[in-house]
Structure formats: C-alpha cells, structure tokens
Amino acid sequence: MPFNLVLIFWFLTPMVESSPTSFIIVASEKSALDSITEFQLRNLYLGKLESIKSNPCLPAGVAKRLPENQQFITWLFGSSFNWGNYWAEQSVRGMRHEPIPLGSFALLLAFLERNHDYVGYLPSSLKDELKNFDVKSIKINR
Amino acid sequence: MIEWLLLIALCSPPQTNQIAGSKAHQFKWHVSGWADIGGYWDERDSERFSLDVHHVYMLNHLKFSPKLELLVEMALEREYERSSPRPDRELELERAYLQYKWRPQATFRVGQFYTPCGLYKQRHWAYTMDTFQKPVIEENQYIPANALGIEVTGNFSFERSYLQYALLISDGDQSGDMKPLQDEFGFGGDVKYNYNDRFLAGMSLYRYRNEAETDNYLNATQIYAEWDLFRHQLQWRMEWLFLERSGFPETDGYYSQLKWNFTKVSYLNLRWEKAEDQLLSQGSEHAATLLTLGIHLPKRWKVKLEYAVNQFEHSEYSNFNQLGLWAGYAF
C-alpha cells in the first residue's frame, strides 16, 4: 500500500486512548492451565476456542453494567473492536454464547473456584483478592 | 400475514445464559433472530422505490449438554433480487440439525445446515456482512447454500494460529434455492488457517453430480483470504471461485473488498467484483463496484447506505447504477 495512503488512514482514524486498567487472567487452582497466549485468550472470549492443549477451557467475566467489563474488552481487543456488534452477529449465526457474566468479581472468583474448566479476569488492582479464593493467576504470553 | 404472525408468536422471550448455583453445564434454550427492511433506487426503473421487509429469521438453539446441541431456524424471506420477477415470501425451514461435539477436533452435524464454503457463504449476509447486496458469485449460488446430510468439522488450535476444517456429504439442497442441483449428490470440504487474527486464508472444494444423469455435474473450487491491518481498523478480503459444469465452458469469478472502520461503530466498504451472472445477464460477465457506508446503532440496529455501479460485457444488457438503503435489527 502506498505510504501516503497509510498516512491518510492513520490520521483520519480517530485515536482513542488505550485502557488504563490492566488485568490478570485467573482460573481454579485445579485447572491444568498455567499459561495462555494473547491469541488464545482473544479467541477464547470470542467463542472460537473451547480447549487449550486438549483441556476444556471456557470464558467467564463480569456483567456489562460493571465498568470493568468494557475495560477488559478494550484491554484485550483494542478500542476499535465492537464487542456488541460481534455478539449480535454471532447470535444470528447461532451456536455461540457470550462469556458467562457474573454480578461481581467476588462471585466470579467463587464461580471459578468451583468450575475448573473456566477462566476469568481480575483488575490488577484486585490481585490481593486471590488469596481469599482457591484460584491462581495464569501467565499471558504475548 | 398469518406466516408473519406465526413467526412473531414463536419469538418468545429469549432465555440466555441461565446459570444456577455453581454449575454452568445446564440445559440452555436460546432464541434469537433478525429482521431487515431495505430498498433500491434503480436506474432501470427510476419511478419506483419501495422499502420492503426482506428477511425475518428466528433461531431456536437448544443446548442439552456441553456436547449435544440442536438448532432449528425458520426463515421468512424475500431476498433483494436483481432479476425479476421477485419471488413471494415463504416460511421455510432454513436449518435444522443436531450437533455432537465429540472433541474440538471433531464435531458432527446431521440434518440441514449451511454448506461450509468460503469466508462467509450465505450466512445471514444482509445482517452480518458489510454490504447490502451479495457478490455475484454468492447471489448466483453456484455452490448450493444449504446441504442436507452429514458434516464433520473441527479445529486444531496452536499458540498463535488455528486450522479449521469441514467435510460434508450432502443429498441435495432441500431449501430449493438452487433448483438445478436440488436433487444432486454432493461432497466436499473446506479448510482455513488463521494466523494471529491478522491473516486468514482458505480453500473449498465441492463436487456435485446427478446420480441419474452421470454426465450432469458441477466441480467448484473457492479460494479466499482476509487480512486485518491496524487492529481491525482496515481490512482487505477476497474470494475467487472457479467452476466446471456440464454443458458450460469453464468459468471463474471473484470479489475483492477494502473496509475501513473509521470509528468503532461506522465503516466505509469498497467492493470490486466480476463474474458470470446467470440471474441478471444469462451468463454474460457482470462487473460491479459498490461503495457502502455502514453504521452500527445501539440495541443491535444497523443501517447501510450503498451505491452500486453495474456493467455488463455484452451490450444487449444495459449498464445501470443503484442507490440502496437498508436497516436491520437483531433480537
């Protein structure tokens, strides 16, 4: 692509600040998962991936009314990704379900503790909460 | 009218993601669907413009366990037809299949399902895709959109990529969309590779033949690719179809498009295409250029404004331009 065209797109596409919140990925202590790549994590939350290294793996998150829900989407997919549109399209294609939404991070951690096939997320600022639950942090390989 | 009321009555409130206690693996019943309205100002008939409801779809998705699912989809549709006369609306069974996920590498489907072919073949085009009009190679349905038979599909995932395949044996297109192949036996498959959500490429191969008339056949090869730049802000996509058919010379067709997501909820899409068009020009070559502005509104509404320039190889078919307006809603 010609360099000037690239510049036009670069300048005309609205720039949005990157999300200031960072997240850690968490799963039950009994989960076989220890690390995950960013590609796998994205596809897990898009419903395209249901296992990692032959171990079942499903996504969980917090409800849309919590601001951390959108912050996590921006953190993982970038500010230009339209999560609502993606799931509207998956819904009319059939056979896809959004990540399970829990009402709070405490509920999410309790859910992960009892459902070993699921992974979830937690704002880095809440990392200390991990010691209150039987869950672990999963390393993300960029 | 009765069909409409029946379809609306069937659209009971969706019960999504029901979770009780700590167990996520429960029976789930998910109802979804979409409907749209649209129309074209057409140079061939400048006096007429009428908005019309083109599609109403309703899906019932029953998940009995993490492995066993049933999908039943009803459709009331009148596609925007570039040829005339336009067909009447009919309530049809679009898809109905039982799916068993044995493992990620092998999922089995039995029943009537979409033919796994190309990037986005016929999968609710108007709502899920960037343009209002389908490309000529899709509109003509050279490869039948639906299959009645058995499908095996699977996914091999790696750290930064995945490979997806689908194989099917079909006993015809029972939806009746593709009359010449309606009763024909077909088999084939599709394979695609996605690298890091940036690049996707794939190939589909299908062969259909009439068991009674062995010299009546269709061999189709489709190659496709998609490339994302600047984290989904700019996207290029192409599909190329090559056909061998009994009684016709070999032919091919393609479309290529560039999409610019200039905000999170709006885009501009430019598509070029050229293919043999049986619907509009009795098999002569049809070239089209389409510019589409799309906006995703809240509550799953979408609108599109599309300008299309159509040109034909043979002078007996007049070139024409169109301006289209479309709105769709998913529930």
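See above for the structure.
The rules we used
- Residues numbered from 1 in each chain as written.
- Chains lettered and ligands numbered in written order.
- Predicted model: local features only at pLDDT ≥ 70, side-chain atom pairs only at ≥ 80, totals over all residues.
- Heavy atoms only, no water.
- Helix = DSSP H or I, 4+ residues; strand = E, 2+ residues; numbered from the N terminus.
- Contact = heavy atoms within 4.5 Å.
- Areas by Shrake-Rupley, 256 points an atom, 1.4 Å probe, with all protein chains shown as cover.
- Salt bridge = Lys/Arg side-chain N within 4 Å of Asp/Glu carboxyl O.
- Polar contact = N/O pair within 3.5 Å; in protein donor to acceptor, adjacent residues only side chain to side chain.
- Nonpolar A, V, L, I, M, F, W, Y, C, P; charged D, E, K, R; others polar.
- Buried < 20%, exposed > 50% of the residue type's maximum accessible area, 1.4 Å probe, protein only.
- Pairing = 2+ DSSP bridges.
- Axes fitted to C-alpha atoms, helices over the stretch in contact; angles between N-to-C directions.
- Phe/Tyr/Trp six-rings, centres within 6.5 Å; stacked < 30°, edge-to-face > 60°.
- Lys NZ or Arg CZ within 6 Å of the ring centre and 35° of its normal.

Things to note about the overall build of chain A
If you tally the helices and strands in chain A, you get five helices and eight strands. Taken from N to C terminus, the helices and strands of chain A fall in the order α-β-β-α-β-β-β-α-α-β-α-β-β. For chain A, contacts bridging at least 24 residues in sequence account for 73% of all contacts bridging at least 6. Surface summary for chain A: the accessible area is close to 6600 Å², and the carbon and sulfur share equals 55%.

What to know about the interface of chain A and chain B
Between chain A and chain B, the residue contacts involve 47 residues of the former and 54 residues of the latter. The interface formed by chain A and chain B holds three salt bridges in total. Close ionic contact of B:K302 with A:E89 constitutes a salt bridge, the shortest N to O distance being 2.7 Å. The interface formed by chain A and chain B holds 13 residue pairs in polar contact (both at pLDDT 80 or more) in total. Elements supplying a minimum of two residues to the side of chain A that touches chain B: helix 1 (3-12), helix 2 (38-45), helix 3 (67-77), helix 4 (83-93), strand 6 (100-102) and helix 5 (105-114) of chain A. With seven residues, the top contributor of residues to the side of chain A that touches chain B is helix 4 of chain A. Here the side of chain A that touches chain B is built from residues that sort into 20 nonpolar, 16 polar and eleven charged.

Points about the pairing of strand 5 (residues 106-114) of chain B
All names here are of chain B. Counting buried positions along strand 5 gives seven out of nine residues, so the element sits mostly inside the fold. Here strand 4 (residues 90-103) hands over to strand 5 after two residues, the two strands then running antiparallel side by side. Both strand 5 and strand 6 (residues 146-157) contribute to a ladder of eight bridges, which runs antiparallel. Looking across to strand 6, one finds that V110 is bridged to I150.

What about helix 4 of chain A?
All names here are of chain A. Most of helix 4 sits out of view: ten of its eleven residues are buried. Those residues of helix 4 that fall on the buried side of the exposure criterion are W83, N85, Y86, W87, A88, E89, Q90, S91, V92 and R93. With a side-chain oxygen positioned 3.4 Å from the backbone nitrogen of G84, the residue opening helix 4 is N82. Phi turns positive one or two residues past the end of helix 4, at G94, with a value near 90 degrees.

A look at the sheet that holds strand 1 (residues 23-28) of chain A
Residues and elements named next belong to chain A. One open sheet accounts for six strands, arranged 2-8-1-7-5-6; its pairing is mixed. The open sheet has two edge strands, strand 2 (35-37) and strand 6, and neither has a second partner. Within the sheet, the average angular offset between the axes of one strand and its neighbour, ignoring direction, is 40 degrees. Relative to strand 7 (residues 118-123), strand 5 (residues 58-62) runs parallel, the two sharing two bridges. Each bridged residue has a counterpart across the sheet, and for L58 the counterpart in strand 7 is Y118. Against the sheet, helix 5 makes contact with strand 1, strand 5, strand 6, strand 7 and strand 8 (135-141), and its axis sits at roughly 150 degrees relative to strand 7, the strand it touches most.

Observations regarding the environment of B:M238
Residue and element names in this part refer to chain B. As for its placement among the helices and strands, M238 is situated in strand 11 (residues 234-245). Spatially, the C-alpha atom of M238 lies 13 Å from that of K134, the residues being 104 residues apart in sequence. When near neighbours in sequence (up to four residues on either side) are disregarded, M238 contacts L119, I223, Y224, A225, Y255 and S256.

Description of the side chain of B:E73
One can find B:E73 in strand 3 (residues 68-77). In this structure the side chain of B:E73 is engaged in a polar contact, spanning 2.5 Å, whose partner is the side chain of B:R95. In contact with B:E73, not counting residues within four places along its chain, are A:V92, B:Y57, B:M58, B:L59, B:E92, B:L93, B:E94, B:R95, B:Y114 and B:H124.

Here we look at the packing of aromatic side chains
Two numbers describe a pair of aromatic rings. These are the distance of the centres and the angle of the planes. For the structure on display, the rule yields 28 aromatic pairs over all chains. Here the aromatic rings of A:F105 and A:Y121 are separated by 6.2 Å at their centres, their planes lie at 75 degrees, and the arrangement is edge-to-face. With a gap of 16 residues between them, A:F105 in helix 5 and A:Y121 in strand 7 connect regions that are remote in the sequence. For A:F105, a relative accessible area of 10% corresponds to the buried category. Consider the rings of B:Y206 and B:Y208, whose centres lie 6.3 Å apart with planes at 25 degrees: the pair is stacked. Here B:Y206 falls in the buried class, since its relative accessible area comes to 3%. Here the aromatic residues A:F23, A:Y45, A:F72, A:W75, A:F105 and A:Y121 are joined through ring pairs into a cluster of three or more. Above the ring of B:Y127, the side-chain terminus of B:K302 is found at 4.4 Å from the ring centroid.

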